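In case you want the letters, here they are:
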Amino acid sequence: MFSPLCSLPFILFTLFFLSIHAQTLIHGTCKVCSQQDPTVNYQFCTTSLEAASGSRHADVRGLGKISLRLTHTNVSDTRSHIKNLLKKKASSTQRMRLDDCFELYSNAVTDIKHAMKSYKSKHYEEVNVLISSVMDAATTCENGFKEKRNVVSPLTKRNNVTFELCGIGLSIIHILRVGTK
Ligand SMILES: *[C@@H]1O[C@H](CO)[C@@H](O)[C@H](O)[C@H]1NC(C)=O
Ligand SMILES: *[C@@H]1O[C@H](CO)[C@@H](O)[C@H](O)[C@H]1NC(C)=O
């Protein structure tokens, strides 16, 4: 059967069974992720994972855990950031959008915490659902601003980072599930 992922088994073999340099593992994993899901940016993936503590000695499952941890930190930070923005002056339309985003990110923090627990117990299907909902939160938050003219999203970059980190998490879970079949 032909598919764009036909070389995946080989790459997986390389990732799982050869003892390779940690940096190669991060690069290889990010390569598979960006092939599986074109919205995963290879450069962003390698930069984020390499900068994370503990990633040098992590295996693929460890990298998945790290991606969830990064998402958690990021999402929590963005929630606080929105809280601060709400303390400042804002137009009523912008305030309405920010209120929505605050609620979305509050739920996202809960979801990602739950996802980390499910990941620990290898309930990958549940982790998938939870990460997808965090991803949706970022998209919904960003789209809220797009609906209104004259309102510029102050969260574009942060929403994108959330989206990207979730994409990495989902892809790594896909690797783990395909690899354990
Ligand atoms: C969020 O993720 C981005 C990209 O990895 C990183 O540059 C930024 O420092 C992170 N922020 C927090 C608070 O973790
Ligand atoms: C989101 O971030 C990625 C990685 O930094 C970048 O490639 C992409 O263009 C960004 N997308 C948007 C809509 O800003």
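What counts and what doesn't
- Residues numbered from 1 in each chain as written.
- Chains lettered and ligands numbered in written order.
- Predicted model: local features only at pLDDT ≥ 70, side-chain atom pairs only at ≥ 80, totals over all residues.
- Helix = DSSP H or I, 4+ residues; strand = E, 2+ residues; numbered from the N terminus.
- Buried ≥ 20, exposed ≤ 12 C-beta atoms within 10 Å, placed from the backbone.
- Contact = placed C-beta atoms within 7 Å.
- Core = buried A, V, L, I, M, F, W, Y, C linked by C-beta atoms within 7 Å.
- Near = placed C-beta within 6 Å.
- Nonpolar A, V, L, I, M, F, W, Y, C, P; charged D, E, K, R; others polar.
- Axes fitted to C-alpha atoms, helices over the stretch in contact; angles between N-to-C directions.
- Parallel < 35°, antiparallel > 145°, perpendicular 65-115°, else oblique.
- Left-handed = near helix turned anticlockwise from the far one by under 90°.
- Expected span 1.5 Å × (residues − 1).
- pLDDT = per-residue confidence, 0-100.

**As for the overall build of the chain**
Okay, so step 1: Counting secondary structure elements, the chain contains 7 helices and 0 strands.
Okay, so step 2: Buried positions account for 33% of the 181 residues belonging to the chain.
Okay, so step 3: If you take every contact in the chain between residues at least 6 apart in sequence, the share linking residues at least 24 apart comes to 64%.

**What about the nonpolar core?**
Considering soluble globular proteins, one finds that nonpolar side chains tend to be buried as a cluster.
Okay, so step 1: With 40 residues, the main nonpolar core has Ile-131 and Val-134 as its most contacted residues.
Okay, so step 2: Elements that contribute at least two residues to this core include exactly helix H2 (22–36), helix H3 (42–51), helix H4 (60–87), helix H5 (92–120), helix H6 (124–146) and helix H7 (156–180).
Okay, so step 3: Excluding residues within four positions of it along the chain, Ile-131 makes contact with Ala-115, Cys-166, Gly-169 and Leu-170.

**Describing the site of ligand 1**
Okay, so step 1: Close contacts around ligand 1 come from Ser-48, Thr-73, Asn-74, Asp-77 and Val-161, and that covers them all.
Okay, so step 2: Counting residues per element, the shell around ligand 1 draws most heavily on H4, which supplies 3 residues.
Okay, so step 3: Here the shell around ligand 1 is built from residues that sort into 1 nonpolar, 3 polar and 1 charged.

**Examining the packing of H4 against H5**
Okay, so step 1: It is at 9 Å that the axes of H4 and H5 come closest, and there the two elements cross at 155°. Considering the angle they form, H4 stands roughly antiparallel to H5. You can see that H4 and H5 cross each other, and the crossing is left-handed.
Okay, so step 2: Within the contact of H4 with H5, the residues separate by chemical class into 15 nonpolar, 6 polar and 5 charged.

**Remarks on the site of ligand 2**
Okay, so step 1: Residues in contact with ligand 2, as listed here, are Asn-41, Phe-44, Asn-160 and Glu-164.
Okay, so step 2: Of the residues that constitute the shell around ligand 2, the class distribution is 1 nonpolar, 2 polar and 1 charged.

**Comments concerning H6**
Okay, so step 1: Its 23 residues place the ends of H6 33 Å apart at the C-alpha level, agreeing with the 33 Å of an ideal helix rising 1.5 Å per residue.
Okay, so step 2: Among the residues of H6, Val-127, Leu-130, Ile-131, Val-134, Met-135, Ala-137, Ala-138, Cys-141 and Phe-145 are the ones counted as buried.

**Looking at H4**
Okay, so step 1: Its 28 residues place the ends of H4 41 Å apart at the C-alpha level, agreeing with the 40 Å of an ideal helix rising 1.5 Å per residue.
Okay, so step 2: Of all the residues in H4, the buried ones are Leu-63, Gly-64, Ile-66, Ser-67, Leu-68, Leu-70, Thr-71, Asn-74, Val-75, Thr-78 and Ile-82.

**A short note on the confidence of the model for the chain**
Okay, so step 1: Taken residue by residue, the chain gives an average pLDDT of 89. The fraction at 70 or more is 86%.
Okay, so step 2: By mean pLDDT, helix H1 (residues 8–17) is the weakest element of the chain at 63, and H4 is the strongest at 97.

**Observations regarding unusual backbone geometry**
Okay, so step 1: A positive phi is found at Lys-122, a non-glycine position, where the angle reads about 60°.
Okay, so step 2: Relative to the helices and strands, Lys-122 resides in the loop between H5 and H6.

**Considerations on the packing of H5 against H6**
Okay, so step 1: At a minimum axis distance of 8 Å, the contact between H5 and H6 shows a crossing angle of 165°. Taken together, H5 and H6 sit at an angle that is classed as roughly antiparallel. Pair H5 / H6 crosses with left-handed handedness.
Okay, so step 2: Here the contact of H5 with H6 is composed, by residue class, of 14 nonpolar, 6 polar and 4 charged.

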